[in-house]
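Spelled out, the chains give:
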Amino acid sequence: MTATTNPDITHPLSGERIEELQQIAGDHLFMHAAQTNDWRGKLRVYVRGEGVWVETATGERHLDAMAGLWYKSAGYGRTEIADAVYAQMTAIDSPPAGSSTIPQIELAGKVAELYPDHGARSFFVSGGSEAVETAVKMAKKYSQLKGKGGAFKVISRRYSYHGGTAMSVSLGRSPAADPMGPEMPGALHVTNWNSYRLPFVGDPVDVAIKCANEFEEVIKHQGPETVAAMIAEPVSAAYGIQIPPAEYWQRLREIADKYNVVLIADEVITGFGRLGEWFGPTNWGVQPDITAVAKAITSGYAPLGAAIATKKIADAFIGGPNETFRHLITFGGHPIASAAALANLKIFEREDLVGNSRRMGTYLYEQLQTLFSHNIVGDVRGGLGLLAAVELVSDRKSKSPFPAAAGLATKMPKMLFDRNIVTFRAGDVISLCPPLSINKEEIDFIVDAIDGALEELEIELGV
Ligand SMILES: Cc1ncc(COP(=O)(O)O)c(C=O)c1O
């Protein structure tokens, strides 16, 4: 692990120091999407990490089965990323306005090399929400430039998550979002794909096509000249790791082409190897028009995102003042973050993390099947890279969830944590998104822990 001169990182920290940190946090820190009363005085503080393992201020080791918040793809403790950041920061941390730096330029080239359309152009931002905002603004302006001046509507899927900013919360309609008053004008929503509880009766492929066709119905109903974009995640993590059949995205592509609507893939979670390919829709032979990425592009070592436009989209912005994309984010593509991204992607290539995602994803999915020995396991989803879910039900036949009073949302994370597994999303659905560098033994550790936790849960619930 990294040698450091920060005295707080030489640990275990003293009890006094930990108490002091808890006090400051309890009084002054907003934890994101969390109730202060739930964590005050017992906030988990991590001080170091290596590979898939993280260590608390008191010296306990846990396996991070969520890769941070879906981002720590290269794993923890990569000192070469720190070295690249240090070198850039001491050379020039950020350039004068209107200019660029070597890592930013090189990163644009590297992304185009990895992206299926090698003519792609990246608009760098600071994170996922900004990447989605940028993609949507780009799609609207592109539509205007291509003669659809009145196109402002954007179609997304219910229960998806596309970000926390004021526009992106209008997309997806996450039930977990705070009420914000009127949504972005033109935000339209269609049925999301759900492989476990099919939204319509029928063969799964037919149902997937029917779900995709809802985009077409909305476009026709609203008038194609008013619709700028349609957006979806290749696999919806927010909706419980929902992997569609290949025909779903292929149909989305056909519809977008038919009505000249920009197809945006929100790959903030799935981009850069999570689904066993550098970019998710490659699994189905589909090329979106714009791809929103963040998280794994730096493995979370620095905040960075991008809207990656295909050459066809990007070229529309080359011309005169009218064609200029007048969009600006001060710290978008910050040189420090770009340097981190380049060093991170170098690790991906050297260690074949995308291939490992594919191989270990298959292994994880196979091992998770053993959990069907527990009657409360209703479904196991995965097998397409290292993104998986175990869904718990009170009755396998009816697929009925447990009532809220059963307390799965608090019990499951605790039972897994007691077995040294950190999760973020564990309740009815246990989501798994480990670093792409994970090995078989570490996967066994996760599956054994879930097995033990389910046994304990069954005893506690008396089922
Ligand atoms: C699919 C998807 N899109 C967008 C976002 C927003 O990204 P950020 O939190 O970096 O703004 C997230 C965040 O988890 C996400 O999962």
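Residues numbered from 1 in each chain as written. Predicted model: local features only at pLDDT ≥ 70, side-chain atom pairs only at ≥ 80, totals over all residues. Heavy atoms only, no water.

Focus: helix H11 (residues 353–368)
End to end, H11 covers 21 Å across 16 residues, agreeing with the expected 22 Å (1.5 Å per residue, within 8%). For H11, the complete set of buried residues consists of Leu353, Val354, Gly355, Asn356, Ser357, Met360, Gly361, Tyr363, Leu364 and Leu368. (Helix = DSSP H or I, 4+ residues; strand = E, 2+ residues; numbered from the N terminus. Expected span 1.5 Å × (residues − 1). Buried < 20%, exposed > 50% of the residue type's maximum accessible area, 1.4 Å probe, protein only.)

A few points about the domain arrangement of the protein
Entries for the protein in the domain assignment read domain 1 (44–65 + 353–461) and domain 2 (80–350). One C-alpha centre belongs to domain 1, the other to domain 2, and the line joining them spans 28 Å. Listed as interface residues are 25 residues of domain 1 and, on the opposing side, 20 residues of domain 2. Summing both partners gives a buried area of about 1,900 Å² for domain 1 against domain 2, and 61% of it is carried by carbon and sulfur. Of all residues in domain 1, Val354, Leu384 and Leu387 bury the most surface against domain 2, accounting for 35% of the area lost on that side. The tally of links from domain 1 across to domain 2 stands at 1 salt bridge. Between Arg197 and Glu391 there is a salt bridge, with its nearest N and O atoms 2.7 Å apart. Counting every contact that joins domain 1 to domain 2 gives 11 residue pairs in polar contact (both at pLDDT 80 or more). Ranked by residue count, the leading element in the side of domain 1 that touches domain 2 is strand E12 (residues 385–392), at 6 residues. Of the residues belonging to the side of domain 1 that touches domain 2, the class tally is 14 nonpolar, 5 polar and 6 charged. (Domains from an automatic or database assignment. Contact = heavy atoms within 4.5 Å. Buried area = accessible area lost by both parts, 1.4 Å probe. Salt bridge = Lys/Arg side-chain N within 4 Å of Asp/Glu carboxyl O. Polar contact = N/O pair within 3.5 Å; in protein donor to acceptor, adjacent residues only side chain to side chain. Nonpolar A, V, L, I, M, F, W, Y, C, P; charged D, E, K, R; others polar.)

Details of the packing of aromatic side chains
Evaluation of the coordinates by the stated rule reveals 8 aromatic pairs. A ring pair is formed by Tyr159 and Tyr239, whose centres lie 4.9 Å apart and whose planes are at 15 degrees; its orientation type is stacked. Here the residue Tyr159 occupies a position in the loop between strand E5 (153–157) and strand E6 (187–190), and Tyr239 occupies one in the loop between strand E7 (227–232) and helix H8 (246–259), the gap between them amounting to 80 residues. Using a relative accessible area of 22% as the deciding quantity, one classes Tyr239 as partly exposed. Taken together, the ring pairs in this structure connect Tyr115, Phe272, Trp278, Phe279 and Phe348 into an aromatic cluster. If you follow Arg44 out to its NZ or CZ, it ends over the ring of Phe417, 3.6 Å from the centre. When the ring centre of Tyr301 is taken as origin, the NZ or CZ atom of Lys72, which lies over that ring, is 3.9 Å away. (Phe/Tyr/Trp six-rings, centres within 6.5 Å; stacked < 30°, edge-to-face > 60°. Lys NZ or Arg CZ within 6 Å of the ring centre and 35° of its normal.)

A closer look at the site of the ligand
By nearness alone, every residue bordering the ligand is listed as Gly127, Gly128, Ser129, Tyr161, His162, Gly163, Asp266, Val268, Ile269 and Lys295. Ser129 is positioned with one of its side-chain polar atoms (N or O) 2.6 Å from an oxygen atom of the ligand. Within the side chain of Lys295, one N or O atom sits 3.0 Å away from an oxygen atom of the ligand. Look at the ligand: alone it shows 390 Å² of surface, and the protein chains cover 79% of it. Split into classes, the residues belonging to the shell around the ligand amount to 3 nonpolar, 5 polar and 2 charged. (Near = heavy atom within 4 Å. Areas by Shrake-Rupley, 256 points an atom, 1.4 Å probe, with all protein chains shown as cover.)

Some points on the side chain of Ser236
Mapped onto the secondary structure, Ser236 falls in the loop between E7 and H8. Separated by 3.2 Å, the side chain of Ser236 and the backbone nitrogen of Tyr239 make a polar contact. With residues near it in sequence (within four places) discarded, Ser236 still touches Arg157, Tyr159, Ser160, Asn192, Ile241 and Gln242.

Here we look at the environment of Pro182
Mapping Pro182 onto the fold places it in the loop between E5 and E6. The class for Pro182 is exposed, based on a relative accessible area of 80%. Separated by 176 residues in sequence, Pro182 and Arg358 place their C-alpha atoms 42 Å apart.

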